[in-house]
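Coordinate inspection notes
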Amino acid sequence: MSECPCRKDLLQKINEASFAVDEVKLFLDTHPYDEEAMEYFQKYSRIRNEAMKLYAEHYEPLNIDTAVYSCDNRWNWIDEPWPWQEGGC
């Protein structure tokens, strides 16, 4: 595993990428053939997925899709502080 990234910085990166993905999804609903928007969606979706995976590897999964990266041999993510608790963010 690589060096442990800062939890707050990683959450910020996830939030920023998630915002970008959500916004461009709305745009693509009305402009489905916009190649630039699709490239933007793919780029920020990739950034978000990589950050979510990294967060799960070093802390705990933020959704069930990344649990596989954090719970190799037991369901351990319940042991960590939740994002809204002291020490979680």
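Residues numbered from 1 in each chain as written. Predicted model: local features only at pLDDT ≥ 70, side-chain atom pairs only at ≥ 80, totals over all residues. Heavy atoms only, no water.

1. Observations regarding the packing of aromatic side chains
To keep it simple, the criterion reads: We call Phe, Tyr and Trp rings a pair once their centres come within 6.5 Å, taking the six-membered ring for Trp, and we label the pair stacked below 30 degrees between planes, edge-to-face above 60, and tilted otherwise. A run of H or I in DSSP counts as a helix once it spans at least four residues, and a run of E counts as a strand once it spans at least two, with each numbered from the N terminus.
Scanning the entire structure with this criterion turns up 2 aromatic pairs. On the numbers, 4.6 Å between centres and 40° between planes, the contact of Y40 with Y44 is tilted. One end of the pair is Y40 and the other is Y44, both in helix 2 (residues 35-58) and 4 residues apart, which spans about a single turn. A ring pair is formed by Y55 and Y59, whose centres lie 5.1 Å apart and whose planes are at 45°; its orientation type is tilted.

2. Brief notes about the pattern of salt bridges
Selection criterion: Any carboxyl oxygen of Asp or Glu that lies within 4 Å of a side-chain nitrogen of Lys or Arg is treated as forming a salt bridge with it. To sort residues, take the accessible area from a 1.4 Å probe on protein chains only and compare it with the maximum for the residue type: under 20% means buried, over 50% means exposed, and anything in between is partly exposed.
Scanning the model with the defined rule gives 2 salt bridges in all. Between E60 and R7 there is a salt bridge whose closest N-O contact spans 3.2 Å. Taken as a pair, E60 in the segment after helix 2 and R7 in helix 1 (residues 7-30) lie far apart in primary sequence, 53 residues in all. Pair check on accessibility: E60 and R7 agree, each one buried. In this structure, K25 and D22 form a salt bridge, with 3.4 Å as the shortest nitrogen-oxygen distance. One end of the pair, K25, and the other, D22, are both in helix 1, 3 residues apart, so they sit about a helical turn from each other. When its relative accessible area of 39% is taken as the criterion, K25 is described as partly exposed.

3. Quick word on the packing of helix 1 against helix 2
This is how it is decided: In this analysis, axes come from line fits to C-alpha atoms, helices being fitted only over the stretch in contact, and the angle between any two N-to-C directions falls in the range 0 to 180 degrees. Note on terminology: angles under 35 degrees are roughly parallel, angles over 145 are roughly antiparallel, angles of 65 to 115 are roughly perpendicular, and the others are oblique. Crossing handedness: left-handed means the near helix sits turned counterclockwise from the far one by under a right angle, and right-handed means the same turn made clockwise. Residues were grouped as follows: Ala, Val, Leu, Ile, Met, Phe, Trp, Tyr, Cys and Pro as nonpolar; Asp, Glu, Lys and Arg as charged; and all remaining residues, including Gly, as polar.
Where helix 1 contacts helix 2, the axes come no closer than 8 Å and their chain directions differ by 150°. Classed by the angle they form, the pair helix 1 and helix 2 counts as roughly antiparallel. You can see that helix 1 and helix 2 cross each other, and the crossing is left-handed. Residue composition of the contact of helix 1 with helix 2, by class: 19 nonpolar, 2 polar and 4 charged.

4. Some remarks on the nonpolar core
The condition that has to hold: The set of buried Ala, Val, Leu, Ile, Met, Phe, Trp, Tyr and Cys residues whose side-chain atoms join them within 4.5 Å is what this entry labels a nonpolar core. Any two residues whose heavy atoms approach within 4.5 Å are treated as being in contact.
Membership of the largest hydrophobic core is limited to 7 residues, which are L10, L11, I14, A51, M52, Y55 and Y59. Setting aside residues no more than four positions away along its own chain, Y59 makes contact with C4, P5, C6, R7 and E80.

5. Re the side chain of R7
Worth spelling out the cut-off: A 3.5 Å cut-off defines polar contacts: any pair of N or O atoms within that distance qualifies, except that in protein one atom must be a possible hydrogen donor and the other a possible acceptor, and neighbouring residues in sequence count only when both atoms are side-chain atoms.
According to the relative accessible area criterion, R7 is buried, its value standing at 12%. At 3.1 Å, the side chain of R7 and the side chain of Y55 are in polar contact.

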